[in-house]
Amino acid sequence: TPVSILANIDSLDDLKNTLAPLINGTKKQLLFDIAQIRQDGTHYSVQTILQIIEFGGIKQAVATVLDITNLKKIENAFYESEAKFKSLMEQSPLVIEIYDINGLQINVNRAYELLWGFSATRTLHKFNLFASEEVTRTGLLAYVKRAYNGETVEVPIYKFDSMGRTEADGGG
(Lines give C-alpha, C1' and ligand atoms only; values in the text may rest on other atoms or scores of the structure.)
Protein backbone atom coordinates (compact mmCIF):
# COMPACT_ATOMS: atom_id res chain seq x y z
CA THR A 1 0.00 0.00 0.00
CA PRO A 2 1.53 3.32 -1.03
CA VAL A 3 2.09 5.92 1.63
CA SER A 4 2.37 8.76 -0.86
CA ILE A 5 1.88 9.20 -4.57
CA LEU A 6 4.36 11.46 -6.36
CA ALA A 7 2.45 12.89 -9.30
CA ASN A 8 1.82 16.23 -10.98
CA ILE A 9 -1.50 16.58 -9.20
CA ASP A 10 -1.22 19.14 -6.43
CA SER A 11 -4.87 20.03 -5.91
CA LEU A 12 -8.42 18.87 -6.48
CA ASP A 13 -8.61 21.19 -9.50
CA ASP A 14 -5.50 19.50 -10.98
CA LEU A 15 -7.19 16.12 -10.52
CA LYS A 16 -10.43 17.33 -12.14
CA ASN A 17 -8.52 18.80 -15.12
CA THR A 18 -6.54 15.59 -15.55
CA LEU A 19 -9.66 13.41 -15.50
CA ALA A 20 -11.83 15.76 -17.62
CA PRO A 21 -11.05 14.14 -21.03
CA LEU A 22 -12.06 10.75 -19.65
CA ILE A 23 -15.20 12.03 -17.99
CA ASN A 24 -16.39 14.10 -20.96
CA GLY A 25 -15.68 11.21 -23.37
CA THR A 26 -12.99 12.87 -25.52
CA LYS A 27 -10.62 10.07 -24.43
CA LYS A 28 -11.46 6.41 -23.86
CA GLN A 29 -8.62 5.89 -21.39
CA LEU A 30 -5.91 7.73 -19.50
CA LEU A 31 -2.42 6.38 -18.91
CA PHE A 32 -0.36 7.41 -15.89
CA ASP A 33 3.14 6.43 -14.81
CA ILE A 34 3.26 7.05 -11.08
CA ALA A 35 6.19 6.81 -8.67
CA GLN A 36 5.12 5.56 -5.27
CA ILE A 37 6.69 5.00 -1.86
CA ARG A 38 5.97 1.94 0.27
CA GLN A 39 5.56 2.19 4.03
CA ASP A 40 9.12 0.88 4.42
CA GLY A 41 10.40 3.81 2.33
CA THR A 42 11.28 1.88 -0.83
CA HIS A 43 10.31 3.40 -4.16
CA TYR A 44 8.45 1.66 -6.95
CA SER A 45 6.72 2.68 -10.16
CA VAL A 46 3.34 1.69 -11.49
CA GLN A 47 1.56 2.31 -14.74
CA THR A 48 -2.15 2.90 -14.35
CA ILE A 49 -4.71 2.73 -17.14
CA LEU A 50 -7.92 4.43 -16.13
CA GLN A 51 -11.15 3.80 -18.08
CA ILE A 52 -14.84 4.55 -17.64
CA ILE A 53 -17.17 1.61 -18.22
CA GLU A 54 -20.89 1.27 -17.89
CA PHE A 55 -22.06 -1.61 -15.73
CA GLY A 56 -25.72 -2.09 -14.89
CA GLY A 57 -26.52 1.36 -16.29
CA ILE A 58 -24.01 3.01 -13.97
CA LYS A 59 -20.75 4.57 -15.16
CA GLN A 60 -17.81 3.31 -13.17
CA ALA A 61 -14.07 3.92 -13.20
CA VAL A 62 -11.82 0.92 -13.74
CA ALA A 63 -8.09 1.09 -13.09
CA THR A 64 -5.58 -1.46 -14.32
CA VAL A 65 -2.30 -1.17 -12.45
CA LEU A 66 1.01 -2.72 -13.53
CA ASP A 67 4.26 -2.64 -11.56
CA ILE A 68 6.83 -1.15 -13.96
CA THR A 69 9.70 -0.73 -11.49
CA ASN A 70 12.06 -3.00 -13.44
CA LEU A 71 11.08 -1.38 -16.73
CA LYS A 72 11.89 2.05 -15.29
CA LYS A 73 15.28 0.79 -14.04
CA ILE A 74 16.07 -0.55 -17.52
CA GLU A 75 14.87 2.69 -19.11
CA ASN A 76 17.07 4.77 -16.79
CA ALA A 77 20.09 2.52 -17.50
CA PHE A 78 19.44 2.97 -21.23
CA TYR A 79 19.36 6.77 -20.92
CA GLU A 80 22.57 6.74 -18.86
CA SER A 81 24.25 4.49 -21.44
CA GLU A 82 23.06 6.71 -24.28
CA ALA A 83 24.47 9.79 -22.56
CA LYS A 84 27.82 8.05 -22.06
CA PHE A 85 27.90 6.99 -25.72
CA LYS A 86 27.11 10.52 -26.92
CA SER A 87 29.85 11.93 -24.69
CA LEU A 88 32.36 9.35 -25.90
CA MET A 89 31.43 9.99 -29.52
CA GLU A 90 31.78 13.76 -29.25
CA GLN A 91 35.03 13.65 -27.29
CA SER A 92 36.71 11.01 -29.43
CA PRO A 93 39.67 12.20 -31.49
CA LEU A 94 38.82 9.45 -33.96
CA VAL A 95 36.29 9.97 -36.73
CA ILE A 96 32.99 8.26 -35.97
CA GLU A 97 30.25 8.00 -38.59
CA ILE A 98 26.91 6.29 -38.01
CA TYR A 99 24.77 5.00 -40.87
CA ASP A 100 21.24 3.63 -40.92
CA ILE A 101 20.36 0.20 -42.31
CA ASN A 102 19.98 1.67 -45.81
CA GLY A 103 23.47 3.20 -45.81
CA LEU A 104 22.38 6.79 -45.10
CA GLN A 105 24.72 8.79 -42.87
CA ILE A 106 22.72 9.77 -39.77
CA ASN A 107 25.36 10.99 -37.32
CA VAL A 108 29.01 12.02 -37.19
CA ASN A 109 31.29 13.50 -34.56
CA ARG A 110 33.39 16.65 -34.44
CA ALA A 111 36.53 14.74 -35.51
CA TYR A 112 34.73 14.02 -38.81
CA GLU A 113 34.27 17.73 -39.43
CA LEU A 114 37.89 18.47 -38.55
CA LEU A 115 39.18 15.74 -40.87
CA TRP A 116 37.08 16.73 -43.89
CA GLY A 117 37.15 20.46 -43.26
CA PHE A 118 33.44 21.11 -43.60
CA SER A 119 30.32 21.08 -41.46
CA ALA A 120 28.54 17.77 -40.93
CA THR A 121 25.35 19.36 -42.27
CA ARG A 122 26.89 19.08 -45.72
CA THR A 123 26.69 15.27 -45.67
CA LEU A 124 24.33 14.35 -42.82
CA HIS A 125 21.15 12.69 -44.11
CA LYS A 126 22.50 13.13 -47.67
CA PHE A 127 25.51 10.86 -48.07
CA ASN A 128 24.68 7.20 -48.74
CA LEU A 129 27.35 4.50 -48.68
CA PHE A 130 25.50 2.28 -51.14
CA ALA A 131 24.83 5.07 -53.65
CA SER A 132 28.32 6.58 -53.48
CA GLU A 133 30.35 6.43 -56.68
CA GLU A 134 33.50 7.09 -54.70
CA VAL A 135 32.90 4.27 -52.22
CA THR A 136 32.39 1.95 -55.19
CA ARG A 137 35.37 3.30 -57.16
CA THR A 138 37.79 2.95 -54.22
CA GLY A 139 36.72 -0.66 -53.64
CA LEU A 140 35.23 0.08 -50.24
CA LEU A 141 31.71 -1.04 -51.10
CA ALA A 142 32.65 -4.72 -50.71
CA TYR A 143 33.95 -4.00 -47.19
CA VAL A 144 30.85 -1.96 -46.34
CA LYS A 145 28.57 -4.81 -47.45
CA ARG A 146 30.55 -7.33 -45.40
CA ALA A 147 30.32 -5.05 -42.34
CA TYR A 148 26.57 -4.66 -42.88
CA ASN A 149 26.34 -8.45 -42.86
CA GLY A 150 27.85 -8.49 -39.38
CA GLU A 151 31.44 -9.28 -40.29
CA THR A 152 34.33 -7.41 -38.67
CA VAL A 153 36.38 -5.97 -41.51
CA GLU A 154 39.75 -4.26 -41.76
CA VAL A 155 39.66 -1.60 -44.46
CA PRO A 156 42.89 -1.15 -46.43
CA ILE A 157 44.44 2.27 -46.90
CA TYR A 158 42.81 4.09 -49.79
CA LYS A 159 42.83 7.55 -51.34
CA PHE A 160 39.58 9.42 -50.87
CA ASP A 161 38.54 12.79 -52.30
CA SER A 162 39.00 15.02 -49.27
CA MET A 163 37.13 17.85 -51.02
CA GLY A 164 34.02 15.72 -51.23
CA ARG A 165 33.38 16.94 -54.76
CA THR A 166 31.31 13.92 -55.76
CA GLU A 167 29.72 13.11 -52.43
CA ALA A 168 29.34 15.90 -49.92
CA ASP A 169 26.26 17.62 -51.26
CA GLY A 170 24.14 14.51 -51.47
CA GLY A 171 25.48 13.24 -54.79
CA GLY A 172 26.32 9.88 -53.29
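In the block above lies the structure referred to throughout.
Some thoughts on the packing of aromatic side chains
So, point 1. Taken as a whole and assessed by the stated rule, the structure comprises four aromatic pairs.
So, point 2. Here phenylalanine 130 and tyrosine 148 contribute two aromatic rings whose centre-to-centre distance is 4.9 Å and whose plane-to-plane angle is 65°, an arrangement assigned as edge-to-face. With a gap of 18 residues between them, phenylalanine 130 in the loop between helix H3 (110-116) and helix H4 (133-137) and tyrosine 148 in helix H5 (residues 140-148) connect regions that are remote in the sequence.
So, point 3. Note on phenylalanine 130: relative accessible area 32%, which makes it partly exposed.
So, point 4. Arginine 122 extends its terminal NZ or CZ atom over the ring of phenylalanine 118, reaching a point 4.7 Å from the ring centre.

Details of the nonpolar core
So, point 1. Listed in full, the seven residues of the largest apolar core are Tyr99, Phe127, Leu129, Val135, Leu140, Leu141 and Val144.
So, point 2. Of all the elements, H5 adds the most residues to this core, at three residues.
So, point 3. Judged by nonpolar contacts, the second largest core, of six residues, contains Trp116, Phe118, Ala120 and Leu124.

Remarks on the pairing of strand S4 (residues 58-67)
So, point 1. With respect to burial, S4 is a largely exposed element, only zero of its 10 residues being buried.
So, point 2. The pairing of strand S3 (residues 43-55) with S4 spans 10 bridges and is classified as antiparallel. Looking at the pairing, isoleucine 53 lines up with glutamine 60 of S4.
So, point 3. Between the end of S3 and the start of S4, which pair antiparallel, lie two residues, with glycine 56 showing a positive phi angle near 65°.

Some points on the pattern of salt bridges
So, point 1. Enumeration according to the criterion identifies five salt bridges in this entry.
So, point 2. With its nearest N and O atoms 3.5 Å apart, the salt bridge here joins glutamate 75 to lysine 72. On the criterion of helical spacing, the pair formed by glutamate 75 and lysine 72 is a turn pair, its members being three residues apart in helix H2 (residues 69-91).
So, point 3. Between glutamate 113 and arginine 110 there is a salt bridge, with the nearest N and O atoms lying 3.3 Å from each other. Taken together, the residues span about one helical turn, with glutamate 113 and arginine 110 both in helix H3 at a distance of three residues.
So, point 4. You can call arginine 110 partly exposed: its relative accessible area is 44%.
So, point 5. Counted as one network, the salt bridges with shared partners bring together Asp33, Lys72 and Glu75.

Calculation rules
Residues numbered from 1 in each chain as written. Predicted model: local features only at pLDDT ≥ 70, side-chain atom pairs only at ≥ 80, totals over all residues. Heavy atoms only, no water. Phe/Tyr/Trp six-rings, centres within 6.5 Å; stacked < 30°, edge-to-face > 60°. Helix = DSSP H or I, 4+ residues; strand = E, 2+ residues; numbered from the N terminus. Buried < 20%, exposed > 50% of the residue type's maximum accessible area, 1.4 Å probe, protein only. Lys NZ or Arg CZ within 6 Å of the ring centre and 35° of its normal. Core = buried A, V, L, I, M, F, W, Y, C linked by side-chain atoms within 4.5 Å. Pairing = 2+ DSSP bridges. Salt bridge = Lys/Arg side-chain N within 4 Å of Asp/Glu carboxyl O.

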